[in-house]
Amino acid sequence: MKSLATILLACLLPLSSLAAQDPVLSAVENYVRQQLQGQPGRISVTAGPLDPRLRLPQCSSYQPYTPSGVRLLGSISVGLRCVGPARWNIFVPVRIAIESTYVATATPLVAGQSIQPDNLLVLTGDLGSLPAGILTDPSQAVGKTVRFSLASGQPLRLDQLLAPLVIQQGQSIQLVFHGPGFTATNEGRALNNAAEGQLVQVRTQSGTVISGIAQSNGTVLIGESQP
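Just so it is clear, the structure is predicted and the values come from calculations on it, not from any experiment. (Residues numbered from 1 in each chain as written. Predicted model: local features only at pLDDT ≥ 70, side-chain atom pairs only at ≥ 80, totals over all residues. Heavy atoms only, no water.)

## Some words on the side chain of Thr-145
As a reminder of what qualifies: Secondary structure follows DSSP: runs of H or I at least 4 residues long count as helices, runs of E at least 2 residues long count as strands, and numbering of each begins at the N terminus. Only protein chains enter the calculation, and the probe is 1.4 Å; a residue is then buried if its accessible area is under 20% of its type maximum, exposed if over 50%, and partly exposed in between. Residues count as neighbours in contact if any of their non-hydrogen atoms are within 4.5 Å of one another.
Mapping Thr-145 onto the fold places it in strand 6 (residues 145-146). Assessed through its relative accessible area of 19%, Thr-145 is described here as buried. If sequence neighbours within four positions are ignored, Thr-145 has contacts with Gly-112, Gln-113, Ser-114, Gln-160, Leu-161 and Leu-162.

And the structure:
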């Protein structure tokens, strides 16, 4: 199978490179900015450069798109199709910088430690140069525990944290059943630990094992109102 570059170079019309490339880059930059609308922080989008050997046939209608699995941050490639009058498809290099606040550790933290406000710093930087899942607000971390020890000054990621447990394995808990037009309660014993919103298996007094969703008050919700 011929490469995309080979196909393009073989069927191209002679166009001036800079004039032909400007609308291409503008289409991609405008698309990316639209996708990032509402994103907090100062956003900078720079598309290109394209291969100077590339000569693209005239295009009156562009269709930019984000390739599957691509996160709009940092150095990426954005797809661009021409849908008329010519037909071609290229990938344009794009650099996306988002200067925003992020959360870092103000003190060393040990595994299992509950995070308090004075354990955190709020810094400013380019989110594109930081790991995926970085926290941008201290409220996302306060009250949670760390999975493993962290050094001071380390950017804090969501996957490094555990939500506080609202149900402990072996704990006697109240089951709340919701159905069409009724609510009922029962007692049971939790078979696993769970944070709010997580699945809990419970053994009832009759010995039946059922599953429900852990609530912030330590009860387990079962029935139609489950998330």
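## Quick notes on the state of the cysteines
The cut-off we apply is this: Note that a disulfide, as used here, is simply two cysteine sulfur atoms within 2.5 Å.
Considering all chains together, one arrives at one disulfide under this definition. With a sulfur-sulfur separation of 2.2 Å, Cys-59 is cross-linked through a disulfide to Cys-82. Here the S-S torsion is close to 110°, and the disulfide linking Cys-59 with Cys-82 is therefore right-handed. You can see Cys-59 sitting in strand 2 (residues 59-65) and its partner Cys-82 sitting in strand 3 (residues 74-85), a full 23 residues away along the chain.

## Points about the environment of Arg-87
Checked against the element boundaries, Arg-87 lands in the loop between strand 3 and strand 4 (88-105). Sequence separation of Arg-87 and Leu-56 is 31 residues, and the distance between their C-alpha atoms is 9.9 Å.

## Observations concerning the sheet that holds strand 14 (residues 220-223)
Counted only if it meets this: Here the rule is simple: two strands pair whenever DSSP picks up at least two bridges between them. Here the axes come from fitting lines to C-alpha atoms, over the contacting stretch only for helices, and the angles between their N-to-C directions go from 0 to 180 degrees.
Read once around its circumference, the closed barrel built from five strands follows the order 9-10-12-13-14, with strand pairing classed as mixed. Taking each pair of neighbouring strands and ignoring which way they run, the sheet shows an average axis angle of 50°. Of the pairings in the sheet, the one linking strand 12 (residues 199-204) to strand 13 (residues 209-214) comprises five bridges and is antiparallel in character. Residue pairing for strand 13: Arg-203 is matched across the bridge by Val-209.

## Focus on the pairing of strand 3
Of the pairings in the sheet, the one linking strand 2 to strand 3 comprises six bridges and is antiparallel in character. From the neighbouring strand, Gln-63 faces strand 3, where its bridge partner is Arg-81. Relative to strand 4, strand 3 is paired through nine bridges, and the arrangement is antiparallel. For Cys-82, the partnering residue across the bridge sits in strand 4 and is Trp-88. Where strand 3 folds back onto strand 4 in an antiparallel hairpin, the turn is made up of two residues.

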